[in-house]
Each structure stands twice: as C-alpha cells, then as structure tokens.
Amino acid sequence: MTQTGAYNDKVMDHFRNPRNVGELEHPDGVGTAGNPVCGDIMEISIQVEDDVIKDVRFRTFGCGAAIATSSMTTEMVKGKTIDEALAVSNKAVAEALGGLPPIKMHCSVLAEEALRSAIDDYRRRNGKS
Amino acid sequence: MTQTGAYNDKVMDHFRNPRNVGELEHPDGVGTAGNPVCGDIMEISIQVEDDVIKDVRFRTFGCGAAIATSSMTTEMVKGKTIDEALAVSNKAVAEALGGLPPIKMHCSVLAEEALRSAIDDYRRRNGKS
Amino acid sequence: MKRIYLDHAATTPTAPEVAQAMLPYLSGVYGNASSLHSFGLEARTAVEEARARIASFMGAKPEEIVFTSGGTESDNFIIKGFALSRRNKGNHIITSSIEHHAVLETCKFLQGQGFSVTYLPVDENGLVNPDDVKKAITAETILISVMHGNNEIGTIEPIAEIGAVAREHGVAFHSDAVQTFGHIPIDVNDLQVDFLSVSAHKLYGPKGIGLTYVRNGMKIIPLLHGGDQERRRRASTLNIPGIVGFGRAVELAGSDMRAELSRQSVLRDRLASGLLSAVEDSRLNGHPIRRLPNNVNISFAFVEGEGLLLNLDMEGIAVSTGSACTSSSLEPSHVLAAIGLPVELAHGSLRFSLGRDTTQQDIERVLQVMPGIVYRLRAMSPLARKGATA
Amino acid sequence: MKRIYLDHAATTPTAPEVAQAMLPYLSGVYGNASSLHSFGLEARTAVEEARARIASFMGAKPEEIVFTSGGTESDNFIIKGFALSRRNKGNHIITSSIEHHAVLETCKFLQGQGFSVTYLPVDENGLVNPDDVKKAITAETILISVMHGNNEIGTIEPIAEIGAVAREHGVAFHSDAVQTFGHIPIDVNDLQVDFLSVSAHKLYGPKGIGLTYVRNGMKIIPLLHGGDQERRRRASTLNIPGIVGFGRAVELAGSDMRAELSRQSVLRDRLASGLLSAVEDSRLNGHPIRRLPNNVNISFAFVEGEGLLLNLDMEGIAVSTGSACTSSSLEPSHVLAAIGLPVELAHGSLRFSLGRDTTQQDIERVLQVMPGIVYRLRAMSPLARKGATA
Ligand SMILES: Cc1ncc(COP(=O)(O)O)c(C=O)c1O
Ligand SMILES: Cc1ncc(COP(=O)(O)O)c(C=O)c1O
C-alpha cells in the first residue's frame, strides 16, 4: 500500500473503512449540511433513547477529510447524551483523527453542522425546541 | 592552450602576436582615435614614400578586438598607396580576421579612424589638405 | 504492486536520456554562459546548441527563443511584458475562460493595473470560436492569448484560425502551448502566433526550465530585469543543465512524437470508452476528437473527485482531480464550469493523463479497479440514487 | 595544464554531493509537489525537508522561504512586488549606487512606473553610510534595498545598522545576499532584514534555483501569477531537483563555511598583496577589511581588462572583468565609478574570486604569470608611460 499525501494514517483508516455508513430505517432525527457547490454534503440520522444517541448513520459526498470526519464524528457521539454530543466540536474530531491538513479544517465543520441539524430535528419532533 | 570564448583563432592570433606594435622614430604622419571612457585608444604612425605606406606602427589600449583589428589594419595597409589604404574599410578588416562578434564590430572602427587621422596628419604636413 | 502514473499533464518523468545529458553540466562544466573565459565558452556553446535545436523544432529562429524558468514565467512574461510595452497603444486584452491560472491570474492582476480583459466563453466541448475572437476585438485591443491545448479537458483550440484573425486585425497573438509542445506538431508560422509559452517538464525534460517564443520584431518589457542575458529580454544566470536537458527532451520528442501521438491516442480512447461503459452515470469532458492524445477527463456522478483519487492512489494509480496546481483548491474547476458542467459533476471529475511509459496493461488495470471504487463511494453518497450501482 | 577557476563570484562548480543529491529527483522521483497522490507526496516531502534546512541555516521559519529561479527573480519579486503592494502608502525607494543590475534595472523600471528612487552614494571603499540611509527616508519611503556583499569589489555593507535604521522608521528592508549567503554567517534577525535574495549557484548549488526570504507578516504581490504554490507567493511547478540540490548545498555550507571563510581569506590576502607588490601601478578596489573572503579586485593602470582576461585564459586561468552578466557591456563598471575610480583604471580592473577548490598553488601560479601579462599589454598601450614596466 502506498502512503497518500494529504492525510495521516488515522484519517486514511476512517476514509477507507468509514464507520456507521448508511441511514437508519426509523431515525429519531435526521440532518444534512453542506451543498454541492462546495463539494461537500453530509446526511446523518440518529436514534435516541433516554436522551442518549443509541445509533447513528451517515452518508457523505465530499473529500477524504469530509468522509473521515463524518465517520469519526459518528463514532464519537454514539452512546453520548444529546448535550454531550453537542459538545463534541469539530476541533475535537480533527484531534481525534490526529490532525487534518490546515486547508482541510473547514471540512470538519460539515459533520458538526449535520449533527446539530439532526439533533434539532430530533428536538423538534419531540417538541423540545 | 584553451580556446577562448569571444574570438576566433585568427583574431586570437593577432591579439596574441600583434604585428607592427610600437611607434616609428621619424613618422610622416601620426594619428589617434578613441578615448579612455569607451575603453579604446589607438595611436598609429606611418612612414610614406611616393604616396605608398612603407611602414606603420601602432599602440592600442582596448579589448581583444581593438588590438586584433589594430594589428590587422597595419598589415593590410602596409605597402598600399594612401588612396588604397583609405579604401580599407573596418568591415574589410573584420572580414580579413574571419569575423568579429557582433557586439565587438564597433571596435573595428577604431583602427580605421586612427589610420585616417594619421593620413590627414601626413597630408597636412605635406600641404595636401 | 506496480505503480501506474497517469498524471503526465501535471508533470512527466524526466527521460533517462535527459538526465544523462544534464550530468556533465551538473559536475564538469559549470561556467557562467556570460563569462568571457573558456569555462564560459563551454557553457555558452551548450546553450546555443540547445537553443538552435529547440528553435528548429518549432520552425523558429534561435534568437526568437528566450529561456525562462517554466510555463508560468513564460505566460507572465509575455502577457505583462507586452501589455506594459503597448500601454500607450491600448489597454484591452482578449483571452479565454479556460486558460491555465498562469494566464488568468496574470490577466486579473493586469485588470488591477488598469487593463480591461475579455474572457471568451467556450462551447460545451471547450472550443473557443474564432468568430468570438474577431467580435471581441476593439481599437484598444493589443493582445489575444488563447491556449493551444487545455490542461484539464484536453481540448485543442483552433489556434491557426485565431492567429489568422489576430493578424488580419494587427493584434499580437500569444498561445500557451505548455500541454502541446512536444506532444503534437507545432510550427509557429503555421499557427500564426507571435508568442508561445512552453515548459520542459511537461515533455520529459527537467523542472524549472521553460521558454518563450518571441517573434522577431516583437518588443516586450522584461519580467526579470538585471543583466544582459537573453538579448536583454530575461536577466539571470542561465540554467545550463536545465537548458541542455530541455534540448535533449526536444530531440527525443522529435524522434518519437508522431509514433507516441498515435499510440497514446489509441490507449486514450480505450480508457475513455472503457470507463464510460463500465461505470454508469459517467461522462467524458472535452472535445471528442480535437483533444490531446494523452488526456481523458471523466465525471463520475454522485461522488467527489478526491475520494476517487485517494482510492486510486491506494491502488498505486496516480491521477488528478483537475489542474495540478489547484488540486488543493475548494472551488470546482473553472474549466469544467466554462463548458457548462453542473457543479456536482465537476466535483466528481478525474483527469487521467497518459505518457510514454503508459502501457495497455496499465489501462486495463484502471478499467478493472475503477468500477469498484466508484461503487464504494456511491454507496456512501447522499446524492446517489437509492440502489445506484457503478 | 591545470585550469584554475577564479570566477566563483560569477558561478561556482556544483558540488559533487549536490549533483548526487539531485540525481534521484532527476530520474526516480518525478512527481509534481502539488499533486495529492503518492508521487506528489514524495516530491513535497523532499521540498519541505530542504526548505526547513535552508530556513534554519538563516534563522528563519520554513514558511518564510519562497523558492524562485535565482537571485535576479528574487530581487525583481521583492522590489516590484512590495512596491506595488504598498503603492498607496508611498512611492519612494532607497537603494545604493553599487547594487547588482538585478536591483538597479528593477528600480529603473519602477521609476518608469511612477516610483521615485534614491541611489545612495558609497565611500571610496564602497561602503554605504547608514546615516545617509536615515537622511534619505521621507514620509513616502516604503522600501530600502541595500546589498549584503558587493559582487564586484567585495565590500560587505553594514546591513544590521541599516536594518536598525529601517526598523526605527518603520520602513521595510531588503538585502541582496547573493554573494554572501553560504559564505559568511547570516541570521535574518541579527541583520534585521525583512527580505533577502539568494541564488543557489553562488554556493555550489544548482543553477536556476534561488529563494526569497519573506518575513512573516510582509505582504507582497507575486511576480509569477498562477497556481497556488509557495502559499500563493510564487506560482509554477516546483523545481524539485533544484530545491533538493539547494538544500544539500546549504547543508555543505553549514559544515565548512567557517573553515572556508578563514582559509579563503588568507589566500585572498596573499593574492592581493602579491599582485600589488609584483605589478607597479596597480591598486586594490573595495574595502581593505570588510570584504568577501573570496574577492580580490585589482586595477592595473594603462591596460584594458579584456586583454588581461584573455591572456589569463590562455594560461588556463579564469577571471572576470566585472560583474559576469555585463562583461559584454562597453560602459565601465558602475560600481568602480561609484567608488570614484577614474575610467581608465576602471577599464583595467580584474576580479579574482576564489572558492572551495582554490589552492595556495593556484594563487602562486597567478602571481607568477600576471606581471608578464601586464607588461606585454603595457608595452603596446599608448597610455603607459614610456619605459613603464610591470
Ligand atoms: C497549460 C499550462 N500552462 C502553464 C502551466 C504552468 O507551467 P509551470 O508549472 O511549468 O510553470 C501549466 C502546468 O502547470 C499548464 O498546464
Ligand atoms: C549580488 C548579485 N545579485 C544578483 C545576482 C543575480 O543572480 P542570478 O544570476 O542567479 O539571477 C548576482 C549574480 O549574478 C549577484 O552577484
């Protein structure tokens, strides 16, 4: 296997074997972020029980960093309460990935935004916002 | 011997072994041309008998082309009549040398001018001008 | 795993013969070509041999060649230098909307300096229409700059026709030939160009050396002011090994260009049609026929190019998502936008650029791995139609 | 006959280690440093290693280094780019009258673009007076450019003092360090410079590569517009072999600079005093002490430099009559004029520039042949006093 330029091994691992890809059949909240003009779109669906994110799935159209941060975000929020999940910043995700190239840092915002949007949706559905 | 950049072998021969260097003890005409600002000065002295240039000597302060054209000019005019000598153009001298780098063509004018000046001097001394 | 390099439009491997030719000038012969002594002469002789060879390869005279540090410098030199030298004659420049950034950014800079620039549109295949050029010419027009072969989509522009328009109107004409020189035949008189930009590393020559063709009689203000080198058109100590290597690269192109042109065209067409039939929802960008012999540019719907590139890289296959120098940029390619490609498709485009070292097996290998890669990425794409396959 | 190269100020032989370091990048590793794939990574890694090494050698940060094609481009880039970027702040530039043509011609060009330039005088040893710099500063002054070591007469300017003046007045400061970098210690903070120009081929590195030091925070308009390379300060595909060779050259300088500085200084002084005592009517130009370790510039009265040079060349000894790039020019050197040397003497000046490969024997050989050469030319000079001898 050849080493690739832009990303470290951890990022490449999440890019190659993204965790939690797909969509939940009966989500409690779904969210999207990004737009095709920027070349980044993420869809996320969450299943919530007792304020805890029990399951999560994503689909992402985007660069390697967008895919890896999507994957890492789902891993990090799974099992967390909604409030804990909201506290997971894009920086924390990037750090958990061992860092991103500076030019790619903006991609990490995508997953944060999509997750917020899914949580908003969940809260709306449950009359919490 | 290493080959030098700017000049062909013939020019280098005249530069290395200039003919007719020095000054005549009893010249019939002397002339100078050039000035130190341009980096070119030539002094020439001629001995004339029956309108024929019997002997000629030069001294030159100048680049390789200036020295070589000075030398070649003296060779070419020796034994010629005054009119014939006046007809020896700087181009003819350059050609006799097998050519000069374009940037050095102006140097060949030096010898022509110095010779003219020496002939003028000779004519003046002999009341011919 | 054999690595397969399909990014020759970004840069080519230096030919072994070129490296060989440069060696003596990296060690034994090191004079400054401006020096009068014998060390200088050796250097000067080598430069003038290379210059004469390169000039004759394009039907030019040796003194019409000005060596530069590459295609970017050549483009900047001509466009800025000529614009400045003609400032009193007019302030209008015509170019196309699919030029390399070296041309476009230079034009933008000149707009900031009071010049006005027309960026001509192209058709869906990337062609500039010579009639559009004609219509854009005003009394203020001093320069037309249209590239010969496009570096992203491979379209070859009608340079001779545009050159004829330029001549007819007495306007100077520059063409960026960085992608074509050494790959397809070029004669400066047939093309009716006044200026040409070339970069050696795109034709198996060294990096860091290029040239500008400047037609005799065309006055131009230097980009690099200083010493008297290159007839006062480009100052700086000459890059002797670079120039010698460039000369050798052109010599090699002279001997195999026509054969490679046909050989690579066949591989190119096999790759393009193979990909289009193996991967659903894909399309070829650029002109179907008037295109560089080594360029295949394909959009894969629903996926993003970087993901494709990284997956191919893991397979040892090197391609590009666009013009190499902006592959770190976020905006979709200006060239793909100019041919009217929707942004999602633009984001999912890959450029495969073939070269002397590309074999039939390399192409088959790409055709073999590509569908799976697209499929995997589509499976995680929110844009893909449910159940879409590669 | 062993050839003796004493023209290291024009260009140096590429060190064998440098050529060796470049080889892999001329053949095996050929990626474009901007490419995302593994070929690109290899290239990028090599570039960043060289950049870090070179930066640390001058006390700079890696991102403060912008690779260019050489000293001329660096000078043009800084002076034009900074002047343009500060146009709205002021239009005045201060430089010295003994700068390299790359600086002087650039300043002349800017004068044509509406800038005003002060050319400071130097004293008889070639020194710029920092007080003169201070006095020349006006509210309009945006840039001061004074070279570190003069390429003709070897005088080393008081850069740190001028840098202090520049800082005190909030004016940006550029120094052309082409002749000093790798030869005498340089630290950008000690020198208080904002910009520095360097050319690799003057320190046993490859031709066609150089750099600009750009202090963090200094904004500057590129000279080469185009791609995103070098943090958008200099477009064009990076010259990987050149950069790698440059890095190796700096590494070598790091290991032997101090030793060579003393070794060459001794040879320099031996050559200078030997020539002055062996040849009547000769004088040393430049500062007696504050001078480059490898520079000897001597005027031989009554004779013209080219003749001396050609005669030395016939003996296998390579020297220069002035700045290499203008050795084909007819005007006497502007540097010698600036130190007040009469034109006849200026015409009879030679520059001997020593290097790593220069030996004691080389120096003795020059001392042995020089008097005869001067004598022969004086014998045919109309300016020499009758009976003058060497
Ligand atoms: C069409 C075109 N023009 C200009 C350039 C710039 O050439 P270089 O990177 O050698 O400066 C390139 C390549 O990057 C190109 O493809
Ligand atoms: C002081 C100085 N500045 C600038 C240059 C120009 O460098 P280059 O010829 O590498 O462009 C030189 C050498 O020629 C020099 O000596």
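Up top is the structure these notes are about.
So, here is what we can say about the structure in this document. These numbers come from a predicted model, not from an experiment. (Residues numbered from 1 in each chain as written. Chains lettered and ligands numbered in written order. Predicted model: local features only at pLDDT ≥ 70, side-chain atom pairs only at ≥ 80, totals over all residues. Heavy atoms only, no water.)

Considerations on the overall build of chain A
Next, step 1: Each helix and strand in chain A was counted, giving five helices and three strands.
Next, step 2: Counted from the first residue to the last, chain A has its helices and strands arranged as α-β-β-β-α-α-α-α.
Next, step 3: Looking at chain A as a whole, 51% of its 129 residues are labelled buried.
Next, step 4: Long-range contacts, defined here as pairs at least 24 residues apart, represent 61% of the contacts in chain A between residues at least 6 apart.
Next, step 5: Carbon together with sulfur atoms contributes 47% to the accessible area of chain A, which is approximately 5,600 Å² in total.
Next, step 6: In chain A, the 15 positive side-chain charges and the 19 negative ones have mean positions that sit 2 Å from each other. (Helix = DSSP H or I, 4+ residues; strand = E, 2+ residues; numbered from the N terminus. Buried < 20%, exposed > 50% of the residue type's maximum accessible area, 1.4 Å probe, protein only. Contact = heavy atoms within 4.5 Å. Areas by Shrake-Rupley, 256 points an atom, 1.4 Å probe, with all protein chains shown as cover. Lys, Arg positive; Asp, Glu negative; His and termini not counted. Charge placed at Lys NZ, Arg CZ, Asp CG, Glu CD.)

Focus on the environment of alanine 21 of chain D
Next, step 1: For alanine 21 of chain D, the location among the structural elements is in helix 1 (residues 16–26).
Next, step 2: If near-sequence neighbours (up to four positions away) are discounted, alanine 21 of chain D is found in contact with Val244 and Arg248 of chain D.

A few points about the interface of chain D and chain C
Next, step 1: Contact with chain D, which involves 70 residues of that partner, is made by 70 residues of chain C.
Next, step 2: The contact between chain D and chain C buries some 5,500 Å² in all, and 59% of this surface belongs to carbon and sulfur atoms.
Next, step 3: Across the chain D-chain C interface, the total number found is four salt bridges.
Next, step 4: The partner of arginine 232 of chain C in a salt bridge is glutamate 105 of chain D, with the nearest N and O atoms 3.7 Å apart.
Next, step 5: Counting across the chain D and chain C interface gives 26 residue pairs in polar contact (both at pLDDT 80 or more). (Buried area = accessible area lost by both parts, 1.4 Å probe. Salt bridge = Lys/Arg side-chain N within 4 Å of Asp/Glu carboxyl O. Polar contact = N/O pair within 3.5 Å; in protein donor to acceptor, adjacent residues only side chain to side chain.)

A short note on the sheet that holds strand 2 (residues 40–49) of chain A
All names here are of chain A.
Next, step 1: In space, the three strands of this open sheet follow the order 1-2-3, with antiparallel pairing throughout. The sheet terminates laterally at strand 1 (29–35) and strand 3 (52–61), the two strands that pair on one side only. On average, each strand axis in the sheet is inclined to that of its neighbour by 15 degrees, with strand direction left out of account. (Pairing = 2+ DSSP bridges. Axes fitted to C-alpha atoms, helices over the stretch in contact; angles between N-to-C directions.)

Digging into the packing of aromatic side chains
Aromatic ring pairs are reported here in terms of the distance separating the ring centres and the angle at which the planes meet.
Next, step 1: Evaluated as defined, the whole model comprises twelve aromatic pairs over all chains.
Next, step 2: Plain terms: the ring middles of tyrosine 5 of chain C and tyrosine 30 of chain D are 4.9 Å apart, the flat faces sit at 85 degrees to each other, and that makes the pair edge-to-face. Here tyrosine 5 of chain C is found in strand 1 (residues 4–5), whereas its partner tyrosine 30 of chain D is found in the loop between helix 1 and helix 2 (38–57) on a different chain.
Next, step 3: Judged by relative accessible area, which is 3%, tyrosine 5 of chain C ranks as buried.
Next, step 4: Tyrosine 30 of chain D gets classed as buried once you look at its relative accessible area, which sits at 11%.
Next, step 5: Arranged with centres 6.2 Å apart and planes meeting at 65 degrees, the rings of phenylalanine 67 of chain C and phenylalanine 246 of chain C form a pair that is edge-to-face. (Phe/Tyr/Trp six-rings, centres within 6.5 Å; stacked < 30°, edge-to-face > 60°.)

Things to note about the site of ligand 2
Next, step 1: What surrounds ligand 2 is a group of 14 residues, the closest being Ser236 and Thr237 of chain C together with Thr72, Asp176 and Ser199 of chain D.
Next, step 2: Among the chains of the assembly, those with residues near ligand 2 are chains C and D.
Next, step 3: Note that an oxygen atom of ligand 2 is positioned 2.5 Å from one of the side-chain N or O atoms of threonine 237 of chain C.
Next, step 4: Here an oxygen atom of ligand 2 sits 3.4 Å away from a polar atom, N or O, in the main chain of glycine 71 of chain D.
Next, step 5: In the complex, 96% of the free accessible area of ligand 2, which totals 390 Å², lies under the protein chains.
Next, step 6: At three residues, the largest contribution of residues to the shell around ligand 2 is made by helix 3 (residues 71–85) of chain D.
Next, step 7: Each residue belonging to the shell around ligand 2 can be placed in one class, and the counts come to two nonpolar, nine polar and three charged. (Near = heavy atom within 4 Å. Nonpolar A, V, L, I, M, F, W, Y, C, P; charged D, E, K, R; others polar.)

Examining the relation of the copies chain D and chain C
Next, step 1: When chain D is fitted to chain C, the residual RMSD is 0.0 Å, and the transformation amounts to a turn of 180 degrees plus an axial shift of 0.0 Å. With respect to symmetry, the two chain copies, as superposed, fit the operation of a two-fold axis. Distance from the rotation axis, computed per C-alpha, reaches its smallest value in chain D at serine 69 of chain D: 3.1 Å.
Next, step 2: Comparing contact sets, 100% of the residues at the interface of chain D also lie at the interface in chain C, consistent with an isologous, same-surface contact. (Least-squares fit on C-alpha atoms with pLDDT ≥ 70 in both.)

With respect to the sheet that holds strand 10 (residues 295–300) of chain C
Residues and elements named next belong to chain C.
Next, step 1: Here we have three strands laid out as an open sheet, ordered 9-10-12, and antiparallel in their pairing. Every interior strand has two partners, whereas the edge strands, strand 9 (282–285) and strand 12 (349–353), have only one. Taking the axes of each pair of neighbouring strands and ignoring which way they run, one obtains an average angle of 30 degrees across the sheet.

Quick look at the site of ligand 1
Next, step 1: Among the 15 residues in the neighbourhood of ligand 1, the closest are listed as Thr72, Asp176 and Ser199 of chain C together with Ser236 and Thr237 of chain D.
Next, step 2: A distance of 2.6 Å separates an oxygen atom of ligand 1 from a polar atom in the side chain of threonine 72 of chain C.
Next, step 3: Between ligand 1 and the protein, one listed contact pairs an oxygen atom with a side-chain N or O atom of histidine 100 of chain C at 3.3 Å.
Next, step 4: In the complex, the protein chains occlude 97% of the 390 Å² of accessible area that ligand 1 would expose alone.
Next, step 5: Considering only residue class, the shell around ligand 1 consists of two nonpolar, ten polar and three charged.

With respect to helix 2 of chain D
Residues and elements named next belong to chain D.
Next, step 1: A rise of 1.5 Å per residue sets the reference length of helix 2, with its 20 residues, at 28 Å; its end C-alpha atoms lie 29 Å apart and thus fit the reference within 8%.
Next, step 2: Along helix 2, the residues classified as buried are Ser38, Phe39, Gly40, Leu41, Ala43, Ala46, Val47, Ala50, Arg51, Ile54 and Ala55.
Next, step 3: Immediately downstream of helix 2, the backbone of glycine 59 shows phi near 70 degrees, a positive value. (Expected span 1.5 Å × (residues − 1).)

A short note on the state of the cysteines
All names here are of chain A.
Next, step 1: Going through the model one piece at a time under the given rule, you end up with zero disulfides over all chains.
Next, step 2: Cysteine 107 forms no disulfide, and the closest cysteine sulfur to it belongs to cysteine 63, at a distance of 3.5 Å.
Next, step 3: Using a relative accessible area of 1% as the deciding quantity, one classes cysteine 107 as buried. (Disulfide = S-S within 2.5 Å.)

Regarding the packing of helix 1 of chain D against helix 8 (residues 240–278) of chain D
Residues and elements named next belong to chain D.
Next, step 1: It is at 8 Å that the axes of helix 1 and helix 8 come closest, and there the two elements cross at 155 degrees. Looking at the two axes, helix 1 sits roughly antiparallel to helix 8. The crossing of helix 1 and helix 8 is right-handed. For the pair helix 1 and helix 8, the contacting residues are Glu17, Val18, Ala21, Met22, Tyr25 and Leu26 in the first and Ile240, Pro241, Gly242, Val244, Gly245, Arg248, Ala249 and Leu252 in the second.
Next, step 2: By residue class, the composition of the contact of helix 1 with helix 8 is ten nonpolar, two polar and two charged. (Parallel < 35°, antiparallel > 145°, perpendicular 65-115°, else oblique. Left-handed = near helix turned anticlockwise from the far one by under 90°.)

Digging into the pattern of salt bridges
Next, step 1: Summed over all chains, the structure comprises 55 salt bridges over all chains.
Next, step 2: Salt bridges sharing common partners tie together Glu105 and Lys108 of chain C together with Asp228 and Arg232 of chain D.

Let's talk about the nonpolar core
Next, step 1: Ranked by size, the top nonpolar core spans 136 residues in total, and within it Met58, Ile144 and Phe246 of chain C together with Met58, Ile144 and Phe246 of chain D carry the most contacts.
Next, step 2: By size, the runner-up hydrophobic cluster in this structure holds 66 residues, among which are Met12, Ile44 and Val48 of chain B together with Ala272 of chain D. (Core = buried A, V, L, I, M, F, W, Y, C linked by side-chain atoms within 4.5 Å.)

Concerning the packing of helix 1 (residues 9–16) of chain A against helix 9 (residues 305–314) of chain C
Next, step 1: One way to put it is that helix 1 of chain A packs onto helix 9 of chain C with a least axis distance of 11 Å and a crossing angle of 105 degrees. With respect to helix 9 of chain C, the element helix 1 of chain A is oriented roughly perpendicular. Contacts between helix 1 of chain A and helix 9 of chain C involve Met12, Phe15 and Arg16 of chain A from the first element and Gly307, Leu310, Asn311 and Met314 of chain C from the second.
Next, step 2: The class makeup of the residues in the contact of helix 1 of chain A with helix 9 of chain C is four nonpolar, two polar and one charged.

Notes on the pairing of strand 6 (residues 172–176) of chain C
Regular strands show a simple pattern: their side chains alternate between the two faces of the sheet.
Residue and element names in this part refer to chain C.
Next, step 1: Burial of strand 6 is extensive: five of the five residues sit out of reach of the surface.
Next, step 2: In the sheet, strand 5 (residues 141–145) pairs with strand 6 via three bridges, with the strands oriented parallel. Each bridged residue has a counterpart across the sheet, and for serine 145 the counterpart in strand 6 is histidine 174.
Next, step 3: Handedness of the crossover is the feature at issue here: the chain leaves strand 5, passes through helix 6 (residues 159–168), returns alongside strand 6, and the resulting connection is right-handed.
Next, step 4: Pairing analysis gives three bridges linking strand 6 to strand 7 (residues 195–199), with the strands arranged parallel. Residue histidine 174 lies in a different strand from strand 7, and its bridge partner there is phenylalanine 195. (Right-handed = clockwise from strand over helix to strand, strands pointing away.)

By themselves these figures say nothing about function.
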